[in-house]
Amino acid sequence: METTERPITQAAPALQPILKWAGGKRWLVPHLMPLWARYREAYPGGRLVEPFCGSLAVALGLRPKRALLNDINEHVVHFHDWVRRGLRIVIEMENDAELYYRHRDRFNALIAEGRQDSAEAASLFYYLNRTGYNGLCRFNRDGLFNVPFGRYKTIGYRRTFEEYQPVLADWTFTSGDFAAMTVRPGDFVYADPPYDVEFRQYSAGGFTWADQVRLAEWLAELDGPVVASNQATDRIVHLYRSLGFRIVFVDAPRRISCTGDRRPAREMLAYKGL
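Here's what I pulled together on the structure shown here. (Residues numbered from 1 in each chain as written. Predicted model: local features only at pLDDT ≥ 70, side-chain atom pairs only at ≥ 80, totals over all residues. Heavy atoms only, no water.)

1. Quick look at the packing of aromatic side chains
What counts here: Only Phe, Tyr and Trp rings take part, Trp by its six-membered ring, and two of them pair if their centres are within 6.5 Å. Stacked means planes under 30 degrees apart, edge-to-face means over 60, and tilted covers everything else. Counting from the N terminus, the helices are DSSP H or I runs at least four residues long and the strands are E runs at least two residues long. For the exposure calls, accessible area comes from a 1.4 Å probe over protein chains only, and a residue counts as buried if that area is under 20% of its type's maximum, exposed if over 50%, partly exposed in between. Only when the NZ of Lys or the CZ of Arg is both within 6 Å of the ring centre and within 35 degrees of the ring normal is a charge said to sit over the ring.
Scanning the entire structure with this criterion turns up 18 aromatic pairs. Relative to Tyr-127, the ring of Tyr-100 has its centre 6.2 Å away and its plane inclined at 45°; by these criteria the two rings are tilted. Here Tyr-100, found in helix α4 (residues 97-112), pairs with Tyr-127, found in helix α5 (residues 119-131); they are 27 residues apart in sequence, far enough to count as distant. Of the two residues, Tyr-100 and Tyr-127, both sit in the buried class. When the centroid spacing of 5.2 Å and the interplanar angle of 70° are considered together, the rings of Tyr-240 and Phe-245 count as edge-to-face. Among the residues examined, Tyr-240 registers a relative accessible area of 1% and is labelled buried. Members of the aromatic cluster, connected to one another through ring pairs, are Tyr-100, Tyr-101, Tyr-127, Phe-149 and Tyr-157. Note that Arg-85 overlies the ring of Trp-82, its terminal NZ or CZ placed 3.8 Å from the centroid.

2. Some words on the sheet that holds strand β4 (residues 188-191)
This is how it is decided: In this description, strands pair whenever DSSP reports at least two bridges between them. Axis definition: a line fitted to C-alpha atoms, limited for helices to the stretch in contact. Angles are taken between N-to-C directions and run from 0 to 180 degrees. Contacts are assigned to residue pairs that have any heavy atoms within 4.5 Å of one another.
Here seven strands make up an open sheet; going across it, the order is β3-β2-β1-β4-β5-β7-β6 and the pairing mixed. Single-partner strands in this sheet number two, and they are β3 (171-174) and β6 (246-252). Along the sheet, successive strands turn relative to each other by an average axial angle of 15°, direction set aside. Bridge count between β6 and strand β7 (residues 265-272): seven bridges; the pairing is antiparallel. Within the sheet, the bridge partner assigned to Val-250 lies in β7 and is Glu-267. Together, β1 (47-50), β4, β5 (226-231), β6 and β7 form the strand contacts of helix α1 (residues 29-42), whose direction differs from that of β4 by roughly 160°.

3. Brief notes about helix α7 (residues 209-221)
Short version of the rule: A helix is expected to reach a length of 1.5 Å times the quantity of its residues less one. Polar contact criterion, stated in full: a pair of N or O atoms within 3.5 Å, where within protein one must be able to donate a hydrogen and the other to accept it, and residues adjacent in sequence count only if both atoms are side-chain atoms.
For α7, built from 13 residues, the straight-helix expectation of 18 Å at 1.5 Å per residue is met to within 8% by its first-to-last C-alpha distance of 19 Å. On its buried face, α7 is in contact with β4, β5, α8 (234-242) and β7. At the N-terminal end of α7, a side-chain oxygen is found 3.4 Å from the backbone nitrogen of Ala-210, two or three residues along, and the residue is Thr-208.

4. Considerations on the environment of Asp-211
Structurally, Asp-211 is set in helix α7. Placed 18 residues apart in sequence, Asp-211 and Pro-193 show a C-alpha to C-alpha distance of 9.4 Å. Leaving out residues up to four positions away in the same chain, Asp-211 has contacts with Phe-178 and Gly-206. At 3.0 Å, the side chain of Asp-211 and the backbone nitrogen of Thr-208 are in polar contact.

Structure below.
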């Protein structure tokens, strides 16, 4: 995979993800940018599609005009859609354990009431993300948020996100299974599913090995450029190679670890149509 092509010039300053995110892919953007630049030359005005958009690290790095951004975690999708619509946070925000658990209870009550798509829920999700342990996003089997209070000395909170609105203006957000997405021929698809590791409780249903296989087979059938990333376990590498993907390996920074291990993790990039 070539990585020496001139990146697309971006007139606007780079925007960082708003949310803390375990496994965020901002570090991967320089690897993806040459592929995106090549795609943009062939498809001016082409659309970025992400089945697992997470904190939008890749979308904010590539800065497409048009994007279809999906995630099985509906709360991160609701939050970013509210940012696009001009979210203003008015709830109390402090780095305080008592307040954290009170807000966590309120957030889970909104989920139980079916109001997880409200502006209040989006505001609470932002606060919990910034204040909870290690930026984790974890739910129990009942779909309730169960991350404990974090250990930060200081936290910078924001109440408005005006500079993000024009960037997100023509981006469409959805939440659901990747196979339900409407991908058009020629879309540039980047898929970053939950890693093939033991921890997969990113949403109430989890992400199993059967889901990994189903995703790889779905990506292989798409008519257009596709890039997928995952931890380079033997079975993941074999799966994508067996479906005709080209494979390269990169060292990923290990930014969140309960053991304190910060050694690079070996990651795989599988791509086709590029």
